[in-house]
Amino acid sequence: MIRTALVTISAMLVLALPAQAADDGITAPKLRASVTVSSDVVRVGDLIDNAGSAAQVPVYRSPDLGTTGALPVAQVLNVLRAKQVIGVMIGDIKEVQVTRLARTLANKDLENAVTSALERRFGLGDAANITVTFDRGISDIRLEASNTGTLQPVATRYDARGGRFDISFEINNDSNPAPTKLRLTGTAIETIDVAVLTRDVDRTEMLKSSDVALERRPKAEVTGEPAQRDRAIGMQLRRPMRAGTPIRIADIAKPEFVSRDQSVTVIYQVPGIYLTTRGKAIEGGAEGDTVSVLNLQTKRTLTGVVTGRGQVTVQGASQSASMEPAVEHTSSLKRDEAPAPVDTAALLRNLVQAPNSPARIADAQIPQARASQAQAK
């Protein structure tokens, strides 16, 4: 007991030495203006240099994790004096700043940990497409600075119907053999990029750039393949849709250039011949679609390809048959001999009603050759 008392008195004498003690080779204790601590208590050795054997004596509770507190010098000296620490040099210090170190797990870090634990599991896709919402509005989490390990999931539970998750993590701790445990709960759903209407659009309208926006929506809300914004612009809806509705591939089509019962221009076209007449579309179609039209003159139903707005082109039957060059059919004409007149009505009938035999095909081609020669002359 006497020895303990002597040690205590010796420590007090060392700390009580005035500044001139430096002349005798002894360094006086000196107050620090800024202090950083990693534990939950502030010790004498944290506050002053050359604390000697009193360095491990606790004097304050540390600030909250990741925060800084200020201590007036007078208060610090009173506390140190109560711990039998005196003769501290303070210089011009007015207060001591005490900062408690911490490891901060930002909300984004926690989201990444959860999405990585759920990625390609429980019917979910890539982590980048999983949106997480934590219970109780979790934002950032601060841990002791000694928790330097990564978040390792040790138990993962997920309800695919409600999207609820409950995941337990462990983090290795440098100052403790037992890892720190962390449990996160909330909802996680898979989302996708999808084109969404910005206004109500009728079936007959063509989608403009201002009509379509790109949004992330829950994948469950989009049944079928979602349409990308670039592909939707310039297309036409297959049905009227309201603003905010996701657009699927099945919802859009090329703009309808011909509508049912619309009056259209029917073009009869074979090599060297180009004729037009009026018709009525029996069915609607977009550019490149094959539709049926009624020739209003002959009352015949034709099949043609939509080639423009209100325009259907019918390729002549002779188009697919081998044709001799037009000049060979008129090579016997003399310089002053006038070509035979073209019977347009007969030609039109031939184009509308395809010949059945090679002989009739040749006959159908002769007026065409004469017409070509007449145009050339």
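Predicted, not measured: the structure shown is a model, and the values here were computed from it. Sequence positions are assigned chain by chain, starting from 1 and proceeding in written order. Side-chain atom pairs in this predicted model are given and counted only at pLDDT of 80 or more, local residue features only at pLDDT of at least 70, and totals for whole chains, interfaces and linings cover all residues. Here the side-chain values reflect all heavy atoms present in the structure, with hydrogen atoms and water set aside.

1. Remarks on the overall build of the chain
Next, step 1: Secondary structure follows DSSP: runs of H or I at least 4 residues long count as helices, runs of E at least 2 residues long count as strands, and numbering of each begins at the N terminus. For the chain, the helix and strand inventory stands at 8 helices and 23 strands.
Next, step 2: The rule is simple: take the accessible area with a 1.4 Å probe, protein chains only, and divide by the maximum for that residue type; under 20% is buried, over 50% is exposed, in between is partly exposed. Counting all 377 residues of the chain, 36% fall into the buried class.
Next, step 3: Contacts between residues were defined by any pair of non-hydrogen atoms, one from each residue, lying within 4.5 Å. Restricting to contacts in the chain with at least 6 residues of sequence separation, those with at least 24 account for 56%.
Next, step 4: For the accessible areas, the method is Shrake-Rupley and the probe is 1.4 Å, while residue cover comes only from the protein chains on display. Total accessible area on the chain is roughly 21700 Å²; 50% of this is exposed by carbon and sulfur atoms.

2. A look at the sheet that holds strand β22 (residues 301–308)
Next, step 1: Paired strands, in this sense, are two strands between which DSSP finds at least two bridges. The 5 strands are arranged β18-β19-β21-β22-β23 in a closed barrel whose pairing can be described as mixed. Direction aside, the axes of adjacent strands within the sheet are offset by 50° on average. Axes here refer to lines fitted to C-alpha atoms; in helices the fit is confined to the stretch in contact. Angles between the N-to-C directions go from 0 to 180 degrees.

3. Looking at the pairing of strand β18 (residues 263–270)
Next, step 1: Relative to strand β19 (residues 273–281), β18 runs antiparallel, the two being bridged by 8 bridges. In the strand pairing of β19, Val270 is matched with Ile273.
Next, step 2: Counted between consecutive antiparallel strands, the loop separating β18 from β19 contains 2 residues, among which Gly272 sits at a positive phi close to 90°.
Next, step 3: As paired strands, β18 and strand β23 (residues 311–315) are joined by 5 bridges and run parallel to one another. Bridging across to β23, Gln269 finds its partner in Gln315.

4. Details of the side chain of Gln236
Next, step 1: You can see Gln236 is positioned in strand β15 (residues 236–237).
Next, step 2: Polar side-chain contacts of Gln236 include one of 3.2 Å to the backbone nitrogen of Glu256.
Next, step 3: Gln236 has contacts with Arg203, Thr204, Glu205, Asp251, Ile252, Ala253, Lys254, Pro255 and Glu256, leaving out every residue within four places of it along the chain. Between N or O atoms, a polar contact is any pair within 3.5 Å; within protein, one atom must be a potential hydrogen donor and the other a potential acceptor, and residues adjacent in sequence are included only when both atoms are from side chains.

5. With respect to the packing of aromatic side chains
Next, step 1: Classification of ring pairs rests on two measures: the distance between centres of Phe, Tyr or Trp rings, Trp counted by its six-membered ring, which must be within 6.5 Å, and the angle between planes, read as stacked under 30 degrees, edge-to-face over 60 and tilted in between. Summed over the entire model, instances satisfying the criterion amount to 2 aromatic pairs.
Next, step 2: A centroid spacing of 6.2 Å and a plane angle of 80° characterise the contact between Phe134 and Phe165, whose relative ring orientation is edge-to-face. Residue Phe134 is located in strand β9 (residues 130–134), and its partner Phe165 is located in strand β12 (residues 164–173); the two are separated by 31 residues in the primary sequence.

6. Re the sheet that holds strand β2 (residues 34–37)
Next, step 1: Taken in spatial order, the 3 strands make up an open sheet running β2-β7-β6, and their pairing is mixed. Of all strands in the sheet, those bounded by a partner on one side alone are β2 and β6 (68–72). The sheet shows a mean angle of 25° between the axes of neighbouring strands, direction not considered.
Next, step 2: Packing of helix α3 (residues 73–82) onto the sheet brings it into contact with β6 and β7 (95–100), and relative to β6 it is tilted by some 75°.

7. A few points about the environment of Ala51
Next, step 1: Relative to the helices and strands, Ala51 is located in the loop between β4 (48–49) and β5 (58–61).
Next, step 2: When the C-alpha positions of Ala51 and Thr27 are compared, they lie 9.9 Å apart, and in sequence the two are 24 residues distant.

8. Details of the pattern of salt bridges
Between side chains of opposite charge, a pair can form as their charged atoms come close.
Next, step 1: Any carboxyl oxygen of Asp or Glu that lies within 4 Å of a side-chain nitrogen of Lys or Arg is treated as forming a salt bridge with it. Applying the stated criterion across every chain yields a total of 19 salt bridges.
Next, step 2: A salt bridge links Arg100 to Glu144; the shortest N-O distance between them is 2.6 Å. With a gap of 44 residues between them, Arg100 in strand β7 and Glu144 in strand β10 (residues 141–144) connect regions that are remote in the sequence.
Next, step 3: Judged by relative accessible area, Glu144 falls into the partly exposed class, the value being 26%.
Next, step 4: A salt bridge links Arg217 to Glu215, with the shortest nitrogen-to-oxygen separation between them at 3.0 Å.

9. Let's talk about the environment of Pro72
Next, step 1: Mapped onto the elements of the fold, Pro72 is located in strand β6.
Next, step 2: Here the alpha-carbon distance between Pro72 and Val96, two residues 24 residues apart in the chain, equals 6.3 Å.
Next, step 3: Not counting residues up to four positions away in its chain, the partners in contact with Pro72 are Lys94 and Glu95.

10. Side note on unusual backbone geometry
Next, step 1: Despite not being glycine, Asn50 shows a phi value in the positive range, around 60°.
Next, step 2: Structurally, Asn50 can be placed in the loop between β4 and β5.
Next, step 3: Look at Gln84: it is not a glycine, yet its phi comes out positive at around 70°.
Next, step 4: Mapped onto the fold, Gln84 is located in the loop between α3 and β7.

11. Here we look at the environment of Lys108
Next, step 1: Secondary-structure assignment places Lys108 in helix α4 (residues 107–118).
Next, step 2: Using a relative accessible area of 52% as the deciding quantity, one classes Lys108 as exposed.

12. Quick notes on α3
Next, step 1: Listing the buried residues of α3 in full gives Val73, Val76, Val79 and Leu80. An end-on view of α3 places all buried positions within 125° of arc, on one side of the element. Residues Ala74 and Ala82 are exposed on α3 and point more than 90 degrees away from its buried face.
Next, step 2: Where α3 is buried, its residues contact β1 (30–31), α2 (44–47), β4, β5, β6 and β7.
Next, step 3: Positive backbone phi, approximately 70°, marks Gln84, located one or two places after α3. It is the directions from the helix axis to the C-beta atoms that the arc portrays.

13. What to know about the side chain of Ser146
Next, step 1: Take Ser146: it is sitting in the loop between β10 and β11 (152–159).
Next, step 2: Apart from the residues within four sequence positions on either side, Ser146 is in contact with Asn172, Asn173, Asp174 and Ser175.

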